[in-house]
Amino acid sequence: MRDLFEATERGSLQPEPRSLAETRRLAAACTRCDLYRNATQTVFGEGPISARIMLVGEQPGDKEDIAGRPFVGPAGQVLDRALDAAGIERKAIFLTNGVKHFKNEPRGRKRLHKRPDPGEIDICRWWLDLERKFVHPAVIVALGATAIRSVTGRSATVSSLRGRPTGLPDGGTLIATIHPSYLLRMPDRSLADAEFGHFVADLKLAVRTAEGDRAA
Ligand code: URA
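From a predicted model like this one, the values you see are computed outputs, not experimental measurements. (Residues numbered from 1 in each chain as written. Predicted model: local features only at pLDDT ≥ 70, side-chain atom pairs only at ≥ 80, totals over all residues. Heavy atoms only, no water.)

Draft legend 1. Representation of the overall build of the chain in the model. Scanning the chain from N- to C-terminus turns up 9 helices and 7 strands. Taking 17 Å as the expected radius of gyration for a compact globule of 216 residues, we find that the chain reaches 17 Å, a close match to that expectation. Across its three principal axes, the chain shows a C-alpha extent of roughly 45 × 40 × 30 Å. Out of the 216 residues in the chain, the part that is buried amounts to 49%. Partitioning the intrachain contacts of the chain with sequence separation of at least 6 by distance along the chain shows that 72% fall at a separation of at least 24. Averaging the locations of the 33 positively and 27 negatively charged side chains of the chain gives two centres separated by 1 Å. (Helix = DSSP H or I, 4+ residues; strand = E, 2+ residues; numbered from the N terminus. Rg over C-alpha atoms; globule rule 2.2 N^0.38 Å. Buried < 20%, exposed > 50% of the residue type's maximum accessible area, 1.4 Å probe, protein only. Contact = heavy atoms within 4.5 Å. Lys, Arg positive; Asp, Glu negative; His and termini not counted. Charge placed at Lys NZ, Arg CZ, Asp CG, Glu CD.)

This is the structure we're talking about:
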């Protein structure tokens, strides 16, 4: 509890950025929680400020931490295949993570992924909220439970929200789906293929929702 309090105190010194570019610059020096200590750099979101759809992942992995870009590792390759199948151009959407630093545990020469805890997710919402404020997407696709908490501030399972577009207080719509790394962990090929199809259907739902919003 003490750590969280101190981290929040550190964060409270932060001035509110006035643009997405300024947000990115300030996020690069983020020390709001301790995750920056074991990470190479902040991995900020990327994509056009005019994007209608924002995809929110959990946190950068090893490859993203090194490259400084979201979804460039194995989960990113699955995501790219799914975006392709859903007819979504990666460069047309805003791609980001709920947590901007790679949480990991050094093990010899490897760095093992560690799931961010609720306190870390909530502290990092400062950055996601600013990305949302400046991009103002019609639809936010939350990839997995960490992203759901980052977007809504509450814990909920993917299965409790999946398939039901949910209104957000800022006027946008939340679509919850699985994290692409879940597909990588599935041992049964045919189940993984079926789940991939479900994931693509969720992404198509995001497109239809964003289009409906534009028509309204
Ligand atoms: N997993 C995520 O949630 N985000 C990334 O950027 C990469 C892997």
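The discussion continues.
Draft legend 2. Fine view of the sheet that holds strand E1 (residues 53–57). What the 5 strands build is an open sheet, ordered E2-E1-E5-E7-E6; its pairing is mixed. The open sheet is flanked by strand E2 (94–97) and strand E6 (166–167), the only strands paired with a single partner. One ladder, built from 2 bridges, connects E6 with strand E7 (residues 173–177); its direction is antiparallel. Opposite Gly167, over in E7, you have Thr173 as the bridge partner. Along the sheet, helix H6 (residues 145–152) contacts E1, strand E5 (139–143) and E7; its crossing angle with E5, the most-contacted strand, is approximately 140°. (Pairing = 2+ DSSP bridges. Axes fitted to C-alpha atoms, helices over the stretch in contact; angles between N-to-C directions.)

Draft legend 3. How the structure looks around the layout of surface pockets. Of the pockets and cavities examined, the largest pocket occupies roughly 770 Å³. In terms of lining, the largest pocket is formed by 35 residues, of which the most central are Glu58, His113, His179, Ser181 and Arg185. Per-class residue counts for the lining of the largest pocket are 17 nonpolar, 10 polar and 8 charged. By volume, the second largest pocket amounts to about 250 Å³. Considering the residues around the second largest pocket, the lining is formed by 16 residues, among which Val151, Thr152, Arg154, Leu168 and Pro169 are closest to the centre. Of all the secondary-structure elements, those providing two or more residues to the lining of the second largest pocket are helix H5 (118–135), H6 and E6. With 4 residues, the top contributor of residues to the lining of the second largest pocket is H5. (1 Å grid on protein atoms, 1.4 Å probe; cavity = no way out; pocket = protein on both sides within 12 Å on 5 of 7 lines; lining within 4 Å. Points joined across faces, edges and corners; volume = space filled by probe spheres on them. Nonpolar A, V, L, I, M, F, W, Y, C, P; charged D, E, K, R; others polar.)

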